[in-house]
Amino acid sequence: MAAAAEVRTNAYAPYSEFHVGAAVLAGDRVFTGVNMENASYPLGMCAERNAVGAAVAAGERRIDCIAVVTDAARPTPPCGGCRQVLWEFGPDSLVVSQTTSGERVAWALEDLIPDAFGPDSFGPDPHR
Ligand code: THU
């Protein structure tokens, strides 16, 4: 949570002005990310996915937990796209979201994305 709160100050969100910090725990290491918006709006990226990308780039393939910090009135749940990306690397992971005022909520990822499509959804056929 501390890493997510600290990195949040580097969020690049001049359009929404909604600053998000995320930190992923993977292999006992912490990887951080912030949301990174773009003048071409659809190209913006969420903090969660940038944190996952940092972990994957460092060679991690298994995510245990992700922390999210925003200044919203209530803890911010990860968007649907981020839930799917988290599922790829941490179907058993814990998602913890906290506001800058200290309100905290935690979910099991599997409760946020029930019946998810994932690496096991291709079936026994090895053509992938
Ligand atoms: N955003 C995140 O980074 N993570 C979330 O969980 C929700 C939304 C970002 C995307 C965009 O830059 C801004 O917050 C407003 O949607």
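Residues numbered from 1 in each chain as written. Predicted model: local features only at pLDDT ≥ 70, side-chain atom pairs only at ≥ 80, totals over all residues. Heavy atoms only, no water.

1. Looking at the environment of Ile66
- Looking at the element boundaries, Ile66 is found in strand β3 (residues 65-70).
- In sequence terms Ile66 and Ala51 are 15 residues apart; their C-alpha atoms lie 8.7 Å from each other.
- In this view, Ile66 contacts Ala22, Ala23, Val24, Glu48, Leu86, Leu94, Val95 and Val96; residues no more than four positions away in its chain are not counted. (Helix = DSSP H or I, 4+ residues; strand = E, 2+ residues; numbered from the N terminus. Contact = heavy atoms within 4.5 Å.)

2. A short note on the packing of aromatic side chains
- The final tally for this structure, using the stated rule, is 2 aromatic pairs.
- Ring centres of Tyr15 and Tyr41 lie 5.3 Å apart, and the angle between their planes is 40°; this geometry places the pair in the tilted category. On the criterion of sequence distance, the pair formed by Tyr15 in the loop between α1 (2-7) and β1 (21-26) and Tyr41 in the loop between β2 (29-34) and α2 (47-57) is long-range, its members being 26 residues apart.
- Here Tyr41 falls in the exposed class, since its relative accessible area comes to 59%.
- Measuring from centroid to centroid gives 5.6 Å for Phe117 and Phe122, while their planes differ by 65°, and the two rings are edge-to-face.
- You can call Phe122 partly exposed: its relative accessible area is 43%. (Phe/Tyr/Trp six-rings, centres within 6.5 Å; stacked < 30°, edge-to-face > 60°. Buried < 20%, exposed > 50% of the residue type's maximum accessible area, 1.4 Å probe, protein only.)

3. Some thoughts on the site of the ligand
- Within the structure, the ligand sits among Ser16, Phe18, Val20, Asn35, Glu37, Cys46, Ala47, Glu48, Thr76, Pro77, Pro78 and Cys79.
- Between an oxygen atom of the ligand and a main-chain N or O atom of Ala47, the distance comes to 2.9 Å.
- Within the side chain of Glu48, a nitrogen or oxygen atom sits 2.5 Å from an oxygen atom of the ligand.
- Expressed as a share of its isolated accessible area of 370 Å², the protein-covered part of the ligand is 77%.
- Considering only residue class, the shell around the ligand consists of 7 nonpolar, 3 polar and 2 charged. (Near = heavy atom within 4 Å. Polar contact = N/O pair within 3.5 Å; in protein donor to acceptor, adjacent residues only side chain to side chain. Areas by Shrake-Rupley, 256 points an atom, 1.4 Å probe, with all protein chains shown as cover. Nonpolar A, V, L, I, M, F, W, Y, C, P; charged D, E, K, R; others polar.)

4. Notes on helix α3 (residues 80-89)
- Taken together, the buried positions of α3 are Cys82, Arg83, Leu86, Trp87 and Phe89. Buried residues along α3 cover an arc of 165° about the axis, so they all sit on one side. (Arc of directions from axis to C-beta.)

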